[in-house]
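# Structure assessment
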Amino acid sequence: MGCDGGTIPRRDELVRIKKKKEAKDKEAEMAAKWKYCAISSKDLQPPIVSCELGRLYNKDAVIEYLLNKEAPNSSLLSHIRNLKDLVTLRLTPKPKDDQNKSTESNGANEYKYVCPIVGLEMNGNYKFMYFRQCGCVVSERAIKEVKSQVCLSCNKPFIEDDLIVLNGDDDEIEDLKNRMTIRRNKVKEEKKRKRTINNEDSTNGKAKMAKSDEHSVAGTSTDTTTTTVVKTSSLSVLSEKASKKYSVKKDPNATEAYKSLFTSHDSAKNRPKAHWVTFNPCYN
Ligand SMILES: [Zn+2]
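A quick note: this is a predicted structure, and the numbers were derived from the prediction, not measured. Every residue gets a number counted from 1 within its own chain, in the order that chain's sequence is written. The model is predicted, so local features are restricted to residues of pLDDT at least 70 and side-chain atom pairs to those at 80 or more, both for listing and for counting; the totals for chains, interfaces and linings are taken over all residues. Side-chain figures throughout are based on the complete set of non-hydrogen atoms in the structure, without hydrogens or water.

### As for the overall build of the protein chain
- Labels follow the DSSP assignment, with helices taken as runs of H or I lasting at least four residues and strands as runs of E lasting at least two, numbered in each case from the N terminus. Broken down by element type, the protein chain carries seven helices and eight strands.
- Each residue gets one of three labels from its accessible area relative to the maximum for its type: buried under 20%, exposed over 50%, partly exposed in between, using a 1.4 Å probe on protein chains only. The buried share of the protein chain, taken over its 284 residues, is 27%.
- Long-range pairs, those at least 24 residues apart, make up 43% of the contacts in the protein chain with a sequence separation of at least 6. Residue contacts are counted whenever heavy atoms from the two residues lie within 4.5 Å of one another.

### What about the pattern of salt bridges?
- Basic side-chain nitrogens of Lys or Arg form a salt bridge, by our definition, when they fall within 4 Å of a carboxyl oxygen of Asp or Glu. If you walk through the whole model with that rule in mind, you get twelve salt bridges.
- A salt bridge links Glu52 to Arg184; the nearest nitrogen and oxygen atoms lie 2.6 Å apart. On the criterion of sequence distance, the pair formed by Glu52 in the loop between β1 (48–50) and β2 (56–58) and Arg184 in helix α5 (residues 170–245) is long-range, its members being 132 residues apart.
- Linking Arg81 and Asp85 is a salt bridge whose minimum nitrogen-to-oxygen distance equals 2.8 Å.

### Comments concerning the coordination of the zinc ion
- Coordination here is defined by N, O and S atoms within 2.8 Å of the metal (3.2 Å for Na, K and Ca), and since water is not considered, a site can look incomplete. Of the protein atoms, only Cys134 (SG), Cys136 (SG), Cys151 (SG) and Cys154 (SG) coordinate the zinc ion, at distances of 2.2 to 2.3 Å.
- Irregular is the label for any site that misses the other tests, which are tetrahedral for four donors with all angles between 85 and 135 degrees, and square planar for four donors or octahedral for six when opposite donors exceed 155 degrees and the remaining angles lie between 65 and 115. Around the zinc ion sit four donor atoms, and with donor-metal-donor angles ranging over 108 to 113 degrees the site reads as tetrahedral.
- Look at where the donors of the zinc ion fall in the sequence and you get C-x1-C-x14-C-x2-C. Remark: Cys154 occurs in the loop between α4 (140–145) and β8 (163–165) and Cys134 occurs in the loop between β6 (128–131) and β7 (137–139); sequence separation between them is 20 residues.
- Its relative accessible area of 9% is what places Cys134 among the buried residues.
- Residue Cys154 is classed as partly exposed on the basis of its relative accessible area of 30%.

### Some words on the nonpolar core
- Ile39, Tyr57 and Phe131 are the most contacted members of the largest nonpolar core, which totals 46 residues.
- Residues contacting Ile39, with those up to four places away along its chain left out, are Tyr57, Ala61, Val62, Tyr65, Ala71, Pro72, Asn73 and Leu77. We call a set of buried residues a nonpolar core when its members are Ala, Val, Leu, Ile, Met, Phe, Trp, Tyr or Cys and they connect through side-chain atoms within 4.5 Å of each other.

### Concerning a nonpolar patch on the surface
- Patch construction takes residues with relative accessible area above 30% that form no salt bridge. Like charges are linked within 9 Å, and nonpolar side chains (Val, Leu, Ile, Met, Phe, Trp, Tyr) are linked within 5 Å. Method for areas: the Shrake-Rupley scheme with a 1.4 Å probe, in which residue coverage is limited to the protein chains shown. A cluster of nonpolar side chains, contributed by Ile63, Leu67 and Leu83, occupies part of the molecular surface with about 280 Å² of accessible area.
- Tracing the backbone shows Leu67 in helix α2 (residues 59–68).

### What about the confidence of the model for the protein chain?
- Here the protein chain shows a mean pLDDT of 78. Residues at 70 or above account for 66%.
- Think of pLDDT as the predictor's per-residue confidence, scored from 0 to 100. Low pLDDT, under 50, characterises residues 103–108; the stretch is placed with four contacts to residues that sit more than four places away or in other chains.
- Residue range residues 216–235 is modelled with pLDDT below 50. Its contacts to residues more than four positions away, or to other chains, number zero contacts.

### Observations regarding the environment of Asp169
- With respect to the element layout, Asp169 can be found in the loop between β8 and α5.
- Relative accessible area serves as the criterion here: at 40%, Asp169 is assigned to the partly exposed category.
- Sequence separation between Asp169 and Met30 is 139 residues, and the spatial gap between their C-alpha atoms is 9.5 Å.
- Distance and chemistry together define a polar contact, namely a pair of N or O atoms within 3.5 Å, with one atom able to donate a hydrogen and the other to accept it when in protein, and with adjacent residues in sequence counting only for side-chain atoms on both sides. A polar contact is formed between the side chain of Asp169 and the backbone nitrogen of Asp171, at a distance of 3.2 Å.

### Some words on the side chain of Lys94
- If you trace the backbone, Lys94 turns up in the loop between β4 (92–93) and α3 (96–106).
- A distance of 2.7 Å separates a polar side-chain atom of Lys94 from the backbone oxygen of Tyr111.
- Here Glu121 takes part through its side chain, which lies 2.3 Å from a polar atom of the side chain of Lys94.

Here is the structure:
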């Protein structure tokens with residue numbers, strides 16, 4: 001058809017051929033995603049892990065990437081910050097009989113895993129999903145057929161956000177990206193909230209400490225007042241005692257000459273009284 005001596009191929013003929021090629025490439029690319037690690041491009045070997053965007057990796061390849069941060073497609077891996085961002089998948093191997101059959105028919109044992117619920121082969125023709133909580137991988141068909149609040153394989157409870165579609169199309173990956181961002185923001189906010197609570201706790205603690213300090217200060221001050229009061233009262237008692245009971249006359253330490261200066265002395269009592277004009281009660 002064309003190019004055989006003057007005939008020019010029509011545009012739609014060329015375009016159709018190109019489209020077919022693209023479709024073939026896409027098919028091959030899709031098939032490869034289910035067979036090879038998205039980092040090392042080696043055959044997928046357990047332990048197989050998946051990220052929040054539903055790609056499949058060999059765990060050792062991810063560990064190597066995390067250590068070196070080097071991979072041919074590292075721009076696609078920036079969302080993997082550490083091993084916590086990955087889930088180890090629980091895959092159901094294809095029964096041995098089936099594996100032999102496919103070896104015979106295809107000439108290669110390409111796909112090793114199936115859905116544990118409905119038995120579909122995980123070969124890229126059907127959608128598969130994993131549960132983030134437990135890592136079990138089941139087909140979308142099983143999830144749609146068996147409506148359940150728990151993992152279909154191990155009965156662990158899950159919410160809708162825990163379901164990650166494996167090797168999804170562009171729209172699905174976009175959705176997974178959005179969900180990942182929301183999830184991570186939530187974690188960040190939660191951390192921030194906890195930090196604020198902790199900070200508040202420590203500030204409250206400090207305030208309490210300060211209050212108790214105030215208390216102790218107040219306590220000491222009242223104590224001092226009381227002691228002062230006690231001291232004053234004891235002093236006054238002493239002075240009272242002194243004024244009431246002490247007398248020079250009875251003091252055995254005072255000399256007779258010293259005692260004679262006072263009106264209480266016998267010599268003073270016997271002294272002749274002075275004239276009334278010059279009378280001074282102090283000297284009578
Ligand atoms: Zn499970």
